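Here is what each chain is made of, one letter per residue.
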Amino acid sequence: MIAVSLGLLLGIVVGTLLPWSLPIVYAPYISVAIMACLDAVFGGARAGLEGKYDSDVFFSGVVVNTLVAGLFVFIGKRLGIDIYYVALLSFGLRIFNNTAVIRRIWLEGRKKSIPR
């Protein structure tokens, strides 16, 4: 946990100190990639709480989801349609679903630990 916290702190410091920006053309790709990563993180957290976590499933999910969503953005750009909204909506729904399950698991754990 210490390594994760230090990595996060280092990332924040480097991100704020280095002035780096991407062209606006890449915004749909980046937004879809961020949502794919968040979906994987919340899905991994849910699987961990349920005792079903598998690192192969986690990492393959990150890669495959990001590639498929990136393909949606690319095809949508070629067709002149914002198809990437479908990927964003899908990832958003999955993130909220996983958050709801995580919340329920957490609340059930708290109820069991409180004596009545």
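Before any of the text, the structure's been laid out above.
Please read these numbers as outputs of a predicted model, since none were measured by experiment.

### A word on the overall build of the protein
Within the protein, the secondary structure is distributed over four helices and zero strands. Each helix and strand of the protein, ordered N terminal to C terminal, gives the series α-α-α-α. Compactness check: the protein gives a C-alpha radius of gyration of 18 Å against a globular reference of 13 Å for 116 residues, more than 25% above the reference. Based on the C-alpha atoms only, the size of the protein along its principal axes is roughly 60 × 35 × 25 Å.

### Regarding the packing of aromatic side chains
According to the stated counting rule, one finds three aromatic pairs in the structure shown. Between Phe58 and Phe59, the ring centres sit 5.1 Å apart and the planes meet at 75°, which makes this aromatic pair edge-to-face. Its relative accessible area of 53% is what places Phe59 among the exposed residues. Taken together, a centroid distance of 4.6 Å and an interplanar angle of 25° make the contact between Tyr84 and Tyr85 stacked. On the basis of relative accessibility, which here comes to 14%, the residue Tyr84 falls in the buried class. An aromatic cluster of three or more residues is present, and its members are Tyr53, Phe58 and Phe59.

### Notes on the packing of helix H2 (residues 27-50) against helix H3 (residues 55-79)
For the pair H2 and H3, interaxial distance at closest approach is 9 Å and the crossing angle is 155°. Judged on the interaxial angle alone, H3 and H2 are roughly antiparallel. Like other packed secondary-structure pairs, H2 and H3 cross with a definite hand, here right-handed. In this structure, H2 uses Pro28, Tyr29, Val32, Ala33, Ala36, Cys37, Asp39, Ala40, Val41 and Gly44 to contact H3, whose residues at the interface are Phe58, Val62, Asn65, Thr66, Ala69, Gly70, Val73, Phe74 and Lys77. Here the residues of the contact of H2 with H3 sort into 13 nonpolar, four polar and two charged.

### Points about the packing of H3 against helix H4 (residues 84-113)
Following both chains from N to C, one finds H3 and H4 inclined at 145°, their axes separated by 7 Å at the closest point. Here Asn65, Ala69, Phe72 and Val73 of H3 lie close against H4, whose contacting residues are Tyr84, Ala87, Phe91 and Arg94. Considered class by class, the residues forming the contact of H3 with H4 number six nonpolar, one polar and one charged.

### Quick notes on the environment of Gly70
Relative to the helices and strands, Gly70 is located in helix H3. Not counting residues within four places of it along the chain, the set of residues in contact with Gly70 comprises Tyr29 and Val32.

Conventions we followed
- Residues numbered from 1 in each chain as written.
- Predicted model: local features only at pLDDT ≥ 70, side-chain atom pairs only at ≥ 80, totals over all residues.
- Heavy atoms only, no water.
- Helix = DSSP H or I, 4+ residues; strand = E, 2+ residues; numbered from the N terminus.
- Rg over C-alpha atoms; globule rule 2.2 N^0.38 Å.
- Phe/Tyr/Trp six-rings, centres within 6.5 Å; stacked < 30°, edge-to-face > 60°.
- Buried < 20%, exposed > 50% of the residue type's maximum accessible area, 1.4 Å probe, protein only.
- Axes fitted to C-alpha atoms, helices over the stretch in contact; angles between N-to-C directions.
- Parallel < 35°, antiparallel > 145°, perpendicular 65-115°, else oblique.
- Left-handed = near helix turned anticlockwise from the far one by under 90°.
- Contact = heavy atoms within 4.5 Å.
- Nonpolar A, V, L, I, M, F, W, Y, C, P; charged D, E, K, R; others polar.

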